Every structure is written in structure tokens, then in C-alpha cells.
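Okay, here's what each chain looks like letter by letter:
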Amino acid sequence: MKSYLFAPGPTPVPENVLLRMAAPIIHHREKAFSDLFEEVREGLRYLFQTKQEVLVLTASGTGGMEGAVSNLFARGDSVVVVRAGKFGQRWGELCEAFGLSPVYADFPWGEPADPERIRQLLDDNPSAKGVLVQASETSTGVMHPIREIAEITASRDEVALVVDGITAVGVFAMPMDDWGIDVVVTGSQKALMLPPGLAFVALSEKAWRMVEASGTSRYYFDLKKHLKSAQKNQTPYTPAISLVIGLHEVLSMLREEGLENVFARHHRLAEATRGAVKAMGLELFAKASPSDALTAVKVPEGMDGIALKKTFLERYGMVVAGGQDHVKGKIIRIAHLGYFDPMDMFQVIGALEMSLHKMGYPVQLGSGLKVLAEKLA
Ligand SMILES: Cc1ncc(COP(=O)(O)O)c(C=O)c1O
């Protein structure tokens, strides 16, 4: 049986990228690396749609989130944290771990944040220095309205908008400079089609001013140190060299395809997947603004979602994601970010139909596949 990854990270890695990363290791203080890193820096600015430096950290995505919190904010600072899923909770935990005073903008799982609530919380807490939010909340499959939130924060000189774009960057448009976003974080194992191990962080001028002013303790994730090294085509410590080589290849692929086409490809697969699951009589978990990164689907009433996930794996070799916390066993999440194409979606929708059928749900076999074909033909 073959193995298939259909969870929203880690995602499959293209064959040409795997081959590049299998090449003999090069030394990171020699010219071969700095030449390559110079092109990587340029490619990342294109991807993030920014003129700012995009810092490359050796960490999973959470390391990038930690770097943002520890560099911008000091103990006791008030920040607004959007919590509408597992990763919103993570922002909150991080802020609390660093001694900040988060004010929570809580929304039910499955719903997007309401920008007006955020505006109100900022008005009620005039000392707040940031708004921390996900662009795509991977635990629920919902997209938050980043553009609208940025309109609120952009005019406030003392407030930084910090966006976890871990399942957004390279999936849908989020032009950092045009929208006035202050910090964007992502990770390598999602739309960047790489193994886990790299985090990326970009900061606006406003955010860099806040880093200067905050004066907090930091070492490995000292972003100013990373910036200084990057400007010399270097990293302060030994980078994950093989991953950076793979990243070089991925960035060339994305540039060749063109960002607009990359976003259109994700949207097409997402729309087709959503249409297919609905045609099977299933319901999306997202009440509004479903993310183009993944589709979260409610498990039919009375069916065990953990058993459904197990059926995917045992009968078809497919890893899909389940639900977390209080939605464990109640939803499954199917990825379509990164290295996926239309035929991949036929496999996962086919497996979903057969798994549901096997578990006694009255699905009409072919109903999802038919819609998928209609949408992708
Ligand atoms: C939106 C979001 N934020 C944060 C993370 C955490 O990233 P990592 O597991 O790479 O630390 C993830 C990973 O799934 C994510 O999807």
C-alpha cells in the first residue's frame, strides 16, 4: 500500500525538491551558501509580498511565533489575542509564558473573528501594543479577516498586527506591505512544500521600531541579530542547510508559476473539495470564510471520527487530520495546501466516500467524485 499525506502539515515534498536536498552538504560560511541565500532572500520577499527582510529561523513555526512575541513585547504589555481555535490558544499561551497581559477576543470555533470586536477591545484598552491572530486557523479551517483587522491597526502607531500565516502564506493573497501587516510568520512544512524545520518571520518598520523599544531578553531568537546576518547573506548560527537548499528550489518553482496562479490553484482545489463533501451530504465545520488551505468536515452525527480517521489510514494508507480539543472525533480535516493537484483530490474524496460507506453512512458512492470532476474538468 502507498502512503499519502492529506493532513495540513507536514505536506508532501515535490520529487525535485527531495533530490536537491539529497545533494552533499555545503558549508554555510562559504560563498556557495551565501550566493544561494541571497536568492532565497529575494524569493522570500516575493512570496511575502514585502520589501522587508524575511528572516529564516531554524525552528518549527511555533519558534517564529515565539520570536515575534519575545522581540516585540515586554513583560506586562497588554495585547489583544484572537482565540477561535487551537492556534489562537497558542498565541495566548505564548503571551502568558512571556508575562504579557493578553486581553482575549474569543470567538466560537468554526467562526471568523469580528473586526469590530477587535476595534472595541483596542478602544477599551488604549495601552494595548498588539493584535495577535491567525490568517488561517488550521484547527477549524477558517480564515480570519486580516485585511479588515489591518485597517484598524494600521492607523494606530503603537499597535502591531502580528499574523500567524503558517497555513496562509503561499495559499491566498495577504500582501504584507499593501495591507499594512506588521509581522507575518510562516513555517516550511505547509504551502512551502518542505520538510518541517524552518520558520520565517517578516517585520514592518513599525514592528522593528517596537523591537528597538522593547529591550527584552532574547538570544537564539534575537531578530535584530538575524537581520544583521541576513543582510550579509548569512545566518547567525548554523542554518538547516539542506532545508535552505530545498527552499531555494521551492521559491524558484513558485516564482515560475507566479503567485497569482499559486493562489488560484489553491482556491480551485479548495472550492472543488468543499463542493464534493457537501454533495455527499456532509457539512463544513467553517460557518463562514472557509480557508483555502484545508477543508474541515463535520463527522456525521453518531459516527466516531477517530474510527473514521483510522479507516483512512488502515484501508487506504492516508493520513488526514482529526479534530483537536473539544472537536476531537467530531471533525476531520483534509489538506489542499502545497504540493497537491486535482488528481490528489480524487484520491482523498474517493477514500472518504469508501470509508463512510464502510462505516455504514448512507453515502451515494460517486456523489462527491462527480462534483469534483465537474468543478475540476
Ligand atoms: C496556524 C498554525 N499555527 C501554528 C502552527 C504550529 O506550527 P509548528 O507545528 O510548525 O510549530 C501550525 C501547525 O500546524 C498552524 O497550522
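The structure reproduced in this document is the subject of the present report. (Residues numbered from 1 in each chain as written. Predicted model: local features only at pLDDT ≥ 70, side-chain atom pairs only at ≥ 80, totals over all residues.)

### Brief notes about the environment of His248
Right, so step 1: For His248, the position within the fold is in helix 10 (residues 241-257).
Right, so step 2: The exposure class of His248 is partly exposed, given the 17 C-beta atoms found within 10 Å.
Right, so step 3: For the pair His248 and Asp157, spaced 91 residues apart in sequence, the C-alpha to C-alpha distance is 35 Å.
Right, so step 4: Contact partners of His248, with chain neighbours within four places excluded, come to Leu36, Glu39 and Val40. (Helix = DSSP H or I, 4+ residues; strand = E, 2+ residues; numbered from the N terminus. Buried ≥ 20, exposed ≤ 12 C-beta atoms within 10 Å, placed from the backbone. Contact = placed C-beta atoms within 7 Å.)

### Considering the sheet that holds strand 10 (residues 198-203)
Right, so step 1: Here seven strands make up an open sheet; going across it, the order is 2-10-9-8-5-3-4 and the pairing mixed. Two strands close off the open sheet at either side, each with one partner strand: strand 2 (54-58) and strand 4 (101-106). Strand-to-strand twist of the sheet, defined as the mean angle between neighbouring strand axes without regard to direction, takes the value 20°.
Right, so step 2: Its contacts with the sheet put helix 4 (residues 86-97) on strand 3 (78-83), strand 4, strand 5 (130-134) and strand 8 (160-164), and the angle it makes with strand 3 is roughly 155°. (Pairing = 2+ DSSP bridges. Axes fitted to C-alpha atoms, helices over the stretch in contact; angles between N-to-C directions.)

### Observations concerning the pairing of strand 3
Right, so step 1: Across the six residues that make up strand 3, a large majority, five, are buried.
Right, so step 2: Relative to strand 4, strand 3 runs parallel, the two sharing six bridges. Residue Val80 lies in a different strand from strand 4, and its bridge partner there is Val103.
Right, so step 3: This β-α-β element, strand 3 to helix 4 to strand 4, shows right-handed connectivity. (Right-handed = clockwise from strand over helix to strand, strands pointing away.)

### Describing the site of the ligand
Right, so step 1: As a structural note, the neighbourhood of the ligand is formed by Gly9, Ser60, Gly61, Thr62, Phe87, Gln134, Thr138, Asp164, Ile166, Thr167, Gly187 and Pro196.
Right, so step 2: Split into classes, the residues belonging to the shell around the ligand amount to three nonpolar, eight polar and one charged. (Near = placed C-beta within 6 Å. Nonpolar A, V, L, I, M, F, W, Y, C, P; charged D, E, K, R; others polar.)

### Quick word on the nonpolar core
Right, so step 1: Counting residues in each nonpolar core, the largest one holds 121 residues, and the members touching the most others are Val183 and Val201.
Right, so step 2: Mapped onto the domain boundaries, this core takes at least three residues apiece from domain 1 (4-9 + 259-376) and domain 2 (15-257).
Right, so step 3: Once you skip the residues sitting within four places of it in the chain, Val201 turns out to touch Leu55, Leu57, Gly64, Gly67, Ala68, Val183, Val185 and Leu223. (Core = buried A, V, L, I, M, F, W, Y, C linked by C-beta atoms within 7 Å. Domains from an automatic or database assignment.)

### Here's the deal with the pairing of strand 11 (residues 294-298)
Where a strand is regular, its side chains alternate between the two sheet faces.
Right, so step 1: With four of five residues buried, strand 11 is to be regarded as a mostly interior element.
Right, so step 2: Pairing between strand 11 and strand 14 (residues 331-335): five bridges, direction antiparallel. Looking at strand 14, one finds that Leu294 is bridged to Ala335.

### Observations concerning helix 2 (residues 31-48)
Right, so step 1: Compared with an ideal rise of 1.5 Å per residue, which puts 18 residues at 26 Å, helix 2 spans 26 Å between its outermost C-alpha atoms and is within 8% of the ideal.
Right, so step 2: Taken as a whole, helix 2 has its buried residues at Phe33, Phe37, Val40, Leu44, Leu47 and Phe48. Looking down the long axis of helix 2, one finds its buried residues gathered within 75° of arc, a one-sided arrangement. Those residues of helix 2 that are exposed and aimed more than 90 degrees away from the buried face are Lys31 and Asp35.
Right, so step 3: Packed against the buried residues of helix 2 are strand 2, helix 7 (176-179), strand 9 (183-187), strand 10 and helix 10.
Right, so step 4: Looking one or two places after helix 2, you find Gln49, whose phi comes out positive at around 55°. (Expected span 1.5 Å × (residues − 1). Arc of directions from axis to C-beta.)

### Some thoughts on the packing of helix 3 (residues 61-72) against helix 4
Right, so step 1: Between helix 3 and helix 4, whose axes approach to 10 Å, the crossing angle comes to 45°. Here helix 3 is positioned oblique relative to helix 4, judged by the angle of their axes. For helix 3 against helix 4, the interelement crossing comes out right-handed. Only Arg90, Trp91, Leu94 and Cys95 of helix 4 make contact with helix 3, whose side of the interface consists of Thr62, Met65, Glu66 and Val69.
Right, so step 2: Classifying every residue of the contact of helix 3 with helix 4 gives five nonpolar, one polar and two charged. (Parallel < 35°, antiparallel > 145°, perpendicular 65-115°, else oblique. Left-handed = near helix turned anticlockwise from the far one by under 90°.)

### As for the sheet that holds strand 11
Right, so step 1: Strand order across the open sheet formed by three strands is 11-14-13, with antiparallel pairing between neighbours. Both edges of this open sheet fall to strand 11 and strand 13 (321-322), since each of them pairs with a single strand only.
Right, so step 2: Most of the contacts of helix 11 (residues 259-279) go to strand 11, to which it runs at about 10°, and overall it touches strand 11 and strand 14.

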